[in-house]
Amino acid sequence: AHLTCLTNDKNDIDKAIADFKAVGVENILALRGDKNPDLTPKKDFTYASDLVSYIKSKYPEMGVSGACYPEVHMESENEIQDILNLKVDAGAEFLISQLFFDNSVFYRFVEKARIAGINVPIEAGIMPVTSSKQILRMVDMCGASLPRKFSMMMQKYGSNPEAMRDAGIAYAVDQIVDLIANGVEGIHLYTMNNPYVATKIAENIKSLL
């Protein structure tokens, strides 16, 4: 379950975790959450690491993961600071990456994280493209770069929704095949609640797992 903290206080978090536990949820992705000018941040948590520390201290039975940014968090000072700010010291047991479209970016990030002493599993976050409008919005929010191969695909199929969807699935499958061949420690699919996309990808990679 995803759990954000910027606009939640400890009471909100306690209630959410109680609800999660009641239905059998055992793992939480602890996030700060995007800043929203229409919502006033609360004061109990400033960073996702604060939320990780709180959950692990009060609910040690819960598994907690954190987010990481292969191309650096847009609010981070630099790449080194971004890696040093990963939530592992706070108690995160594994990391899930923000979306990326160039696997070499992910591989470089993992290598630098290992050099920095980050030894928890790092899952690759993959977002299949279903529309050019959607992906441009997501890229603007997280700062992911678009390699030439990806940009050419968008130019070719962006005006045809069905073709764009199928091309995006194929691109994501190609990324996943390469990641698995290179020993990735997990794949996290950002399917935006689209069961068709999730099913098609699962069908394409089931023999690889």
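Here the structure is a predicted model, which is why all the values come from computation and not from measurement.

## Considering the packing of aromatic side chains
Taken as a whole and judged by the stated rule, the model has five aromatic pairs. Ring centres of Phe 45 and Tyr 54 lie 5.6 Å apart, and the angle between their planes is 70°; on these two criteria the pair is classed as edge-to-face. Note on Phe 101 and Phe 150: the rings are 4.3 Å apart at their centroids and 35° apart in plane angle, and the pair reads as tilted. Of the two residues, Phe 101 is situated in the loop between strand E4 (94-99) and helix H4 (103-115) and Phe 150 in helix H6 (residues 148-157); the sequence distance between them amounts to 49 residues. Taken individually, Phe 101 and Phe 150 each receive the classification buried, so the pair is uniform in this respect.

## Here we look at helix H5 (residues 132-142)
Where H5 is concerned, the buried positions are Gln 134, Ile 135, Met 138, Val 139 and Cys 142. Taken around the axis of H5, the buried residues stretch over an arc of 125°, which confines them to a single face. Residues of H5 that are exposed and point more than 90 degrees away from the buried face comprise Lys 133 and Asp 140. Looking at the packing, one finds that the buried side of H5 touches E4 and H6. At the exit of H5 stands Gly 143, carrying a positive phi of roughly 80°.

## Overview of the pattern of salt bridges
Side chains bearing opposite charge may pair, as long as their charged atoms lie close to each other. Taken as a whole, this structure holds ten salt bridges when the rule is applied. One salt bridge connects Glu 79 with Lys 112, and the closest N-O pair in it is separated by 3.0 Å. Of this pair, Glu 79 sits in helix H3 (residues 79-84) while Lys 112 is found in helix H4, placing the two residues 33 residues apart along the sequence. In this structure Glu 79 comes out as partly exposed when scored by relative accessible area, which is 31%.

Cut-offs used in this document
- Residues numbered from 1 in each chain as written.
- Predicted model: local features only at pLDDT ≥ 70, side-chain atom pairs only at ≥ 80, totals over all residues.
- Heavy atoms only, no water.
- Phe/Tyr/Trp six-rings, centres within 6.5 Å; stacked < 30°, edge-to-face > 60°.
- Helix = DSSP H or I, 4+ residues; strand = E, 2+ residues; numbered from the N terminus.
- Buried < 20%, exposed > 50% of the residue type's maximum accessible area, 1.4 Å probe, protein only.
- Arc of directions from axis to C-beta.
- Contact = heavy atoms within 4.5 Å.
- Salt bridge = Lys/Arg side-chain N within 4 Å of Asp/Glu carboxyl O.

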